[in-house]
Structure formats: structure tokens, C-alpha cells
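Residue-level structure breakdown
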Amino acid sequence: MELGLLAAGIGAGIIAIGAGIGIGMIGKGATESIARQPEASGDIRGAMILTAAFIEGVALIGAIVCILLALQIGG
Amino acid sequence: MQIILRRFFLFLLILSFYSPGLVAADETNESNGSPIDVMGKVLDHDYIEVAGKKIYLPRIFLAGGQFYFYANTESALASGDFIVENERIMRADGPSVTIDFSITSHLMYVWFGILLTFFITWLAARRYRNGLGSETEPRGVWQNLFEVFFVFIRDDIAKEYIPGDKYHKYVNYLFSIFMAISFMNLFGLFPWGVSPTADLTVTATLAAMTFFITQFSGTKDHWEHVFMFPGVHPLVRIILTPVEIIGLFTKPFALAIRLFANMLSGKIMIVAILGLIFIFTDMFGAYIGVGSGIVWVALTALLYVLKAFIALLQAYIFTLLSAVFIGMAAEEHHHDEHDSSVARTANVNV
Amino acid sequence: MMYFLNGGGGLLSFDTGFAIWVLISMLVFIWGMGKYAVPHIVKALDDREKRIKQSLESAEQALAKAEKISKENEKAMREAEVKAQQIRKEAIEEAELLRADRIEKAREEASKVLQDAKDAIEQEKQRALIELRHEVADLAVKAASIIIDSELDKDKNQKIVEKYISNLSKN
């Protein structure tokens, strides 16, 4: 039972790492391209939000699995 | 006017901080002693709460090929036709409920969302039909705000991602779901309000609508690209065709899960952070619990701002991706032209 | 799980009855929007855009016309200016020419007058010189005769004096 909670916690942490790396790379790419081409900043920002939303979606699926796991075991 | 509005929203905000406390107090008294019921705030219910009072909604069951209507759960159980077995509602004489058509809180909020959208759009349409906005400039804050959203959907989403003149057909759908999803998402910010988009059933239904519209607007080229890859070796097709067919279904699936997960996580986070007050009260006593409440309430206020932003952002992303999928299906590929242009340049090079 | 009692699905479950409700609601909603609301707005916006486009176009045309006219005017003005400048320049040149001519003439006249005066002075000088010479010769002769009267013969002395004077004038 405790191991299940541990698994949920570790899973959430790994999701945070993965999503953080992904969104960080998007942010890096976006800021670099905005610095290179400030006139295209609007398009780049739109693409950045869209891609970040993709990553966020995947991360949230994982987060929900972890929440379910924790609630199933703990609650 | 502004001051009144500000006070009203401030009041709502304060009330929204208040409600989990009341619910938690209720729950702790009757259930298993867990200080706050996170899932209870997230799941669907057979009542809607208005100012802390529960209004029970009608239950409709299809069981054994017959419809049963009841004013609420209690009357359904009191009638004797239905009993609770394994925490599910069952017919008293055996067969389980085939389809549960009950009106639930999430369904009520779906209806609120679409009615609000329709009402606003209808009002705007009446204004435009009267010549205000079509012959003159749009007047007033609300009409301008409405037009900002409408033109945004039409120009930046529909026109941008759906090729050619085909986008005209989809403006209605895209605008409707954008506004409806926005309102449904934002309802979750109101006290006692729930966002029905934090329910997988709602988002899955919306995604299914996008899926069917996408498939019905698919051109010959689209289907050719799904099943037969022109100019690809037959052996590669064996791998690519299943991948493409699976891709048809994963796209709306991801669409549904994304919206659902975003809304649900926002809700759970707010309930969980506010729940820390009660957890702290349980662990360290009332004074520390209430004292630390300042921190949690401030954090929740920040989360509220984030959630309001995410509510609009997710509605935008759902609409945008719908438009992108429809646009991908409706696109006409021009292989012949492309090939001949390549040939022309090749000739020039020779 | 108590929650199935409440109707609707669980957290991650799909509830058919609820989905049918939502689907029907959404279909009616989108049909209603497509019939009563959105087309009017689209039409109004399209009309407005068309009108704005038309008025912009006509404004642009008017602007182009005005620009053309003003350009023509400017061209004509510039031509007139060029012409005026040319005329002025020609006049100045002519005047210059005339002035130079007159100055030349005046200078010539002046130099002629000067030359005449110089000539006259020269003549007068010659005449005065000759006269002076005669006078001096006479005076010398007179003086010499007075001397010679007392000493020598007059003719011989005259010759000596004349010789002396002609030498003097040569020097």
C-alpha cells in the first residue's frame, strides 16, 4: 500500500521532469528564434503555446494516472 | 457600474474560498474521516449546488427496455423499483440499468454553457441584423468583445488552417465549440460551479464530433493518403497504413484527454491546496491550520488566475486542433502539378 | 466507490447515457447556432468588410486621381519655372553683352581723347621748344654781339654759339 503511494509520487516526479525538459526546450527554441527574428514573434509565440499544450496534455495524462493511483490506494 | 461588478466578483471569489470548507465539514462528519473529499468535488453528482443548497435533479433510467422517470434519486429509491446494490443503482427485480439517462450536475452545466453561448450569439446576431455593426461600426464593449472573438475564430483559426473557400462551412462549428468550451471551463471558477469539461464523457463527445466532421470532410486525397500511399513501396504500406489508421483515432483521443486532464488537474489542485488547511488543522491543530490558510488562499488566488487563462487557452487549443485536423482532411494535394514542376526544373537544369 | 450512485461516470469512465445527452444537446446547439445566429453575423461582417473594401478602393482611386492631377500641376509649374529662368538668364546675358559693348566703346573713346590730348601737348611742346631755341639763340647772339662788339667779329661768334646750341639740343 505504501509502495503504491510511492509509485504515484515517483511517477508524478518523473512526469514533472519530462514535461519540464520538454517545455524548457520549447521555451529555449522560441526565445532564440524571437531573438533572431523579432518580427515573427507573434507566429512563434502561437506555435510555442500550441506545442507546449501538446506536451502538457501528455504530462497531464500521466499526472492523472498518478492521482488515480494515489486515490485508489490512499483513499 | 464597474465598482458594483468588481464587488460582485470579489464576493464570488470569497464565497468560492468558503465553499470547500463547508463541504469538507459536512463530509468529515458523515464519511470515513478523511478531512477533505477531493474526488467529491471533481465527480459528477445527481444535484447541483446553489449557494450551498443542493437541488436534486431528475433521474431517468432505461432498464429492461423501459424508461423510468423520477424526480430525484431519493424518490427513485422510495418507489421501490430501484435498489442500490454494489453501490450501483439496480432494478429491484434483477436486471441492471442499461443506460442511465439521468440529468446530472455536469449535464446541467453543459446546458448552461451552450444556452449562454447561444443566447449571447443570438443577441449579437439580432444586433447585426438590425444594421448595428453591419452598416456602422460595432458599438459598445460587449459587441466589440464578441466581435474580437468571432473574427479571431474566423480569421486566425478557420481561414488559417482550413484551405481554400471551404472554411466558410466550419466557422459555425468552430465558433460554437470555442465559446461553449470556454464557458464550460470558466464555470468551474464560480463558487459551487463545476466545469463539465473536467468530465471525460463531455470531452470525448466533443472530440467525437470533431472526429466525425473531420472524416466527413475528408477529400479523396485524404483517404488515398490514409489507405494507399501514392509513390510508396507496397511493403512500406503494410507498416504505414495501420499507423495512419490508428492515427485517425489517436488524434481525437488526445484532444479529449488534453482538455479533460487540464480542467481536472486545475480543479484537483485548487481543492487539494485549499484542503491543506483542513489537513493542517487535523495534524497540528486549528490555529496552525487556519493561520497557514493565508498562504493557501493566496496560492489558490494565483491558481485561479492561471486557471482562468488555461480555461481560455484550452478552449483555443481544442478549437485550433479541430480546425487543423479538418484542414488536413479537407486539403487537396496536387501531386501532378508538383511532379511536373519538378520535371520542368530538371529539364531546365539539363 | 459511491460515485456511480450519483449518475454520470466515474473519474476516468465513459458514461453512455450522459454522452447521448451531451451529443444531442451539442447537435441541437450547433444546429441552432448555424440557423439562427452565426450566419447573420458572418453575413453582416462580410457585408461590412465588402463595404469597407469598396470604400477603401474608391478612396484609393480618388487619391490616385488627385495625385495624378497634382503631379500634372507640379509638372506644368516646373516647366513654367524652367522657362522663366531661361528667359531671365537670356535677358541677363543680353544686358551683360550690351554693357560690355558700351564699356568698350567708352574706353575706346577715352583713350582716343587721351591720345589726342597727348598729341596736342607734344605738338605744343615741339613748337615751344623750337620757339625757345630761337629765342635762346637770339638772346645768345644778342649777348654775344654785345660781347663781340666789344671784342671780336660778329659772324664768327654767331657760328660758334649756334654750334654750341645745336650740340646742346642734341644732348
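Predicted, not measured: the structure shown is a model, and the values here were computed from it.

Turning our eyes to something else, we now look at the overall build of chain C. When helices and strands are tallied, chain C shows two helices and zero strands. Sorting the 171 residues of chain C into buried and exposed places 20% on the buried side. With an accessible surface of roughly 13,900 Å², chain C has 59% of that area assigned to carbon and sulfur atoms.

When the parts of a complex come together, some accessible area is lost, and that lost area is often taken as the interface size. The partner chain B presents 60 residues to the 43 residues of chain C that form the contact. Around 4,500 Å² of area is buried between chain C and chain B when both sides are counted, 72% of it from carbon and sulfur atoms. Summed over the shared surface of chain C and chain B, the number is three salt bridges. Where Glu49 of chain C meets Arg154 of chain B, a salt bridge forms, and the shortest distance between an N and an O atom there is 2.6 Å. Taken together, chain C and chain B are joined by seven residue pairs in polar contact (both at pLDDT 80 or more). For the side of chain C that touches chain B, the per-class residue count stands at 26 nonpolar, twelve polar and five charged.

A surface patch of like charges, here negative, comprises Asp101, Glu104, Glu108 and Glu109 of chain C. Position of Glu104 of chain C relative to the elements: it lies in helix H1 (residues 16–150).

Turning our attention to the confidence of the model for chain C. Residue and element names in this part refer to chain C. Mean pLDDT over chain C: 84, with 87% of residues reaching 70 or higher. Per-residue pLDDT stays below 50 along residues 1–6; that stretch engages in 19 contacts with residues further than four places along the chain or on separate chains. Model confidence for the complex is summarised by a pTM of 0.69, with the ipTM given as 0.77.

Definitions and cut-offs
Residues numbered from 1 in each chain as written. Chains lettered and ligands numbered in written order. Predicted model: local features only at pLDDT ≥ 70, side-chain atom pairs only at ≥ 80, totals over all residues. Heavy atoms only, no water. Helix = DSSP H or I, 4+ residues; strand = E, 2+ residues; numbered from the N terminus. Buried < 20%, exposed > 50% of the residue type's maximum accessible area, 1.4 Å probe, protein only. Areas by Shrake-Rupley, 256 points an atom, 1.4 Å probe, with all protein chains shown as cover. Contact = heavy atoms within 4.5 Å. Buried area = accessible area lost by both parts, 1.4 Å probe. Salt bridge = Lys/Arg side-chain N within 4 Å of Asp/Glu carboxyl O. Polar contact = N/O pair within 3.5 Å; in protein donor to acceptor, adjacent residues only side chain to side chain. Nonpolar A, V, L, I, M, F, W, Y, C, P; charged D, E, K, R; others polar. Patch = residues over 30% accessible without salt bridge, like charges linked within 9 Å, V, L, I, M, F, W, Y side chains within 5 Å. Lys, Arg positive; Asp, Glu negative; His and termini not counted. Charge placed at Lys NZ, Arg CZ, Asp CG, Glu CD. pLDDT = per-residue confidence, 0-100.

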